[in-house]
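Structural features, examined
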Amino acid sequence: MATIVQKISNKSLSMAGQTFTFDSIADIESTQIDIFQLIGAPLVENCLAGFNSSVFAYGQTGSGKTYTIWGASNASLEECDQQGLTPRVCQRLFERINEEQERHADKQLVYMCRCSFLEIYNEQITDLLDRSQKNFQVKEANWELTASWTGDQLSDHLQDGGG
Ligand SMILES: Nc1ncnc2c1ncn2[C@@H]1O[C@H](COP(=O)(O)OP(=O)(O)OP(=O)(O)O)[C@@H](O)[C@H]1O
C-alpha cells in the first residue's frame, strides 16, 4: 500500500510530494505523557504567566481527538498511562499553583482560573461543562460561556466522567 503521509523528522512530513514543516509532529509511537510534555506542560506555565491558552483538536471521526484531549474511556483522575491532556493539565495546574503560593507565601498570591470545554460538531458548538448550552452559533463572535469553575468543582466534574 502506498504511504500517503511520511514523517521525515520531528518537525516535517511529506505528503503527495510536498514537504510541510510544523513546530512539532507526534506520531503513532507518541504516548499520552509525550503529548502532555509537548503541549500540556508549556500550556500550564503559559497560564501561570497570566496568558489565555487553548488546545484545539481537529480531525476526522475516529482519529483520536477524544483520546488525546480526554483519555481512554477507562482513564480516571488517578495515575493512569491512558489519561489524556485535560486531567493532566488540571492536575499540573493546581499543583503548580500550590507550589507558587508556598514559594511566595509572603505575597499571599490568589489565582483565579477559568476554563471552557467546547465541542464543535456539524457547525454546532456545545459547552461540554454545561450540556444544556448547545446552540451557540459559529458565526457569533462574542458568545459567552457559563463555565467558571472552582478547582474543586472542576475536579469533581472530571471524576464524575466530565459528562
Ligand atoms: N493514540 C492512541 N492509542 C490508542 N488508542 C487510540 C489512540 N487514539 C485513538 N485511540 C482509540 O481509537 C478510537 C477512536 O478514537 P477517538 O474516539 O479518540 O476518536 P475521535 O477523533 O474523538 O472520534 P469522533 O470524532 O468520532 O468523536 C477510540 O477507541 C480510542 O480509544
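Per an unreviewed UniProt entry, the protein chain carries the name Kinesin-like protein KIN12B and comes from Abeliophyllum distichum. Per UniProt, the protein chain has the following entry under Sequence similarities (unreviewed entry): "Belongs to the TRAFAC class myosin-kinesin ATPase superfamily. Kinesin family. KIN-12 subfamily."

A word on the overall build of the protein chain. The secondary structure content of the protein chain amounts to four helices and six strands. Start at the N end of the protein chain and walk to the C end: the helices and strands fall as β-β-β-α-α-α-β-β-β-α. For the protein chain, the proportion of its 163 residues judged to be buried stands at 26%. Counting only contacts in the protein chain whose residues sit at least 6 apart along the sequence, the fraction spanning at least 24 positions is 34%. Of the roughly 12100 Å² of accessible surface on the protein chain, 49% is carried by carbon and sulfur atoms.

A word on the nonpolar core. Most often, soluble globular proteins keep nonpolar side chains buried together rather than apart. F36, V44, L48, L85, V89, L93 and F117 are the most contacted members of the largest nonpolar core, which totals 14 residues. Among the elements of the structure, α1 (32–48) and α3 (85–103) are those that each provide at least two residues to this core. Broken down by element, this core gets its largest block of residues, six residues, from α1. Among residues more than four places away in sequence, those in contact with F117 are I69, W70, T86, T126, D127, L128 and L129.

Here four bridges tie strand β2 (residues 12–15) to strand β3 (residues 18–21), and the two strands are oriented antiparallel to one another. Across the sheet, residue S14 finds its bridge partner in β3, namely T19. Once β2 ends, the chain turns through two residues before running back antiparallel as β3, passing A16 with a positive phi of about 50°.

Bringing the side chain of S12 into the picture now. Structurally, S12 can be placed in strand β2. The class for S12 is buried, based on a relative accessible area of 11%. Here the side chain of S12 touches S9 through a polar contact of 3.0 Å, side chain to side chain. Residues contacting S12, with those up to four places away along its chain left out, are K7, T19, F20, T21 and I25.

Next up on the list: the pairing of strand β5 (residues 124–127). When strand β4 (residues 118–121) meets β5, the two strands line up antiparallel, connected through four bridges. By the bridge assignment for β5, L118 is matched with D127. Hairpin connection of β4 to β5: two residues between the antiparallel strands, including N122 at a positive phi of 50°.

Conventions used here
- Residues numbered from 1 in each chain as written.
- Predicted model: local features only at pLDDT ≥ 70, side-chain atom pairs only at ≥ 80, totals over all residues.
- Heavy atoms only, no water.
- UniProt positions renumbered as here; feature names shortened; annotations may be inferred.
- Helix = DSSP H or I, 4+ residues; strand = E, 2+ residues; numbered from the N terminus.
- Buried < 20%, exposed > 50% of the residue type's maximum accessible area, 1.4 Å probe, protein only.
- Contact = heavy atoms within 4.5 Å.
- Areas by Shrake-Rupley, 256 points an atom, 1.4 Å probe, with all protein chains shown as cover.
- Core = buried A, V, L, I, M, F, W, Y, C linked by side-chain atoms within 4.5 Å.
- Pairing = 2+ DSSP bridges.
- Polar contact = N/O pair within 3.5 Å; in protein donor to acceptor, adjacent residues only side chain to side chain.

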